Amino acid sequence: MTYQQAGRVAIVKRIAGWIIFIPALISTLISLLGFLEKSREQRDGINAVMQDFAHVMIDMIRFNTGFLSGFWSHSPVPDFNHHSNILFWVIYALIFVGLALQASGARMARQTRFLRESIEDQMILENARGAEGQSRDQLEAKIVVPRHTIFLQFFPLYILPVIIVIAGYFVLKLAGFIY
């Protein structure tokens, strides 16, 4: 792949990453809000007050985000106490696939920019050599950019999802939503 093609692929990867990331994040957040609202039980003391407050806040968010009505009606509501929630976990994983795509595209864009600047610098030296110097086409023909896969993005694809799941589990457990 030439560095011009790598630049175009980098732009496509970054755009695809954002297109996957944003809806998956919104759907996951709405699913979690649905879980919090669904798991609301009548409890005594401070728990009842906190759950009433959470219910009011979720209703206010739903009311003020009417443009997200498709997400509110179609996002899967997980049940962490009883079911496996496959669709919820797939959408959750798409968040990190989108982040990895965007990171891979950003890396390719940085490399492409570096190659473009290096060719410009080399062209100055080649012009100084005169007739025996290489042309831009000859320099560009020598450059082969390797393909970058999203699976090499270890932190956003493998480590970050696990950290967030563990932190979310402890928060939901401490808040009393998971028993």
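Residues numbered from 1 in each chain as written. Predicted model: local features only at pLDDT ≥ 70, side-chain atom pairs only at ≥ 80, totals over all residues. Heavy atoms only, no water.

A. Geometry of the overall build of the protein. When helices and strands are counted, the protein shows 6 helices and 0 strands. The helix and strand sequence of the protein, counted from the amino end, reads α-α-α-α-α-α. The C-alpha radius of gyration of the protein comes to 25 Å, more than 25% above the 16 Å expected for a compact globule of 179 residues. The burial tally for the protein puts 34% of its 179 residues in the buried class. Carbon and sulfur atoms make up 68% of the accessible area of the protein, which totals about 11400 Å². Between the averaged position of the 16 positive side-chain charges in the protein and that of its 13 negative side-chain charges there is a distance of 4 Å. (Helix = DSSP H or I, 4+ residues; strand = E, 2+ residues; numbered from the N terminus. Rg over C-alpha atoms; globule rule 2.2 N^0.38 Å. Buried < 20%, exposed > 50% of the residue type's maximum accessible area, 1.4 Å probe, protein only. Areas by Shrake-Rupley, 256 points an atom, 1.4 Å probe, with all protein chains shown as cover. Lys, Arg positive; Asp, Glu negative; His and termini not counted. Charge placed at Lys NZ, Arg CZ, Asp CG, Glu CD.)

B. Main features of the nonpolar core. Formed by Tyr3, Ala6, Ala10, Met108, Ala109, Ile119, Met123, Leu139, Ile143 and Val145, the largest nonpolar core amounts to 10 residues. Those elements giving two or more residues to this core turn out to be α1 (3-38) and α4 (86-129). Residues Ala24, Tyr92, Ile95 and Phe96 belong to the second largest nonpolar core, which totals 6 residues. (Core = buried A, V, L, I, M, F, W, Y, C linked by side-chain atoms within 4.5 Å.)

C. Broad picture of the confidence of the model for the protein. Across the protein, the average pLDDT comes to 87, with 96% of residues at 70 or higher. Averaged pLDDT values over the elements of the protein bottom out at 82 in helix α2 (residues 46-64) and peak at 92 in α1. (pLDDT = per-residue confidence, 0-100.)

D. Up close: helix α6 (residues 154-175). With 22 residues, α6 should reach 32 Å at 1.5 Å per residue; the first-to-last C-alpha distance of 31 Å fits that figure. The sharpest bend along α6 reaches about 40° and sits at Leu160, with the proline Pro161 one to four residues further on. Where the residues of α6 are buried, they touch α1 and α4. Among the residues trailing α6, Gly176 stands out with phi positive, at a value near 90°. (Expected span 1.5 Å × (residues − 1). Bend = angle between axes of the 7 residues up to and from the residue. Contact = heavy atoms within 4.5 Å.)

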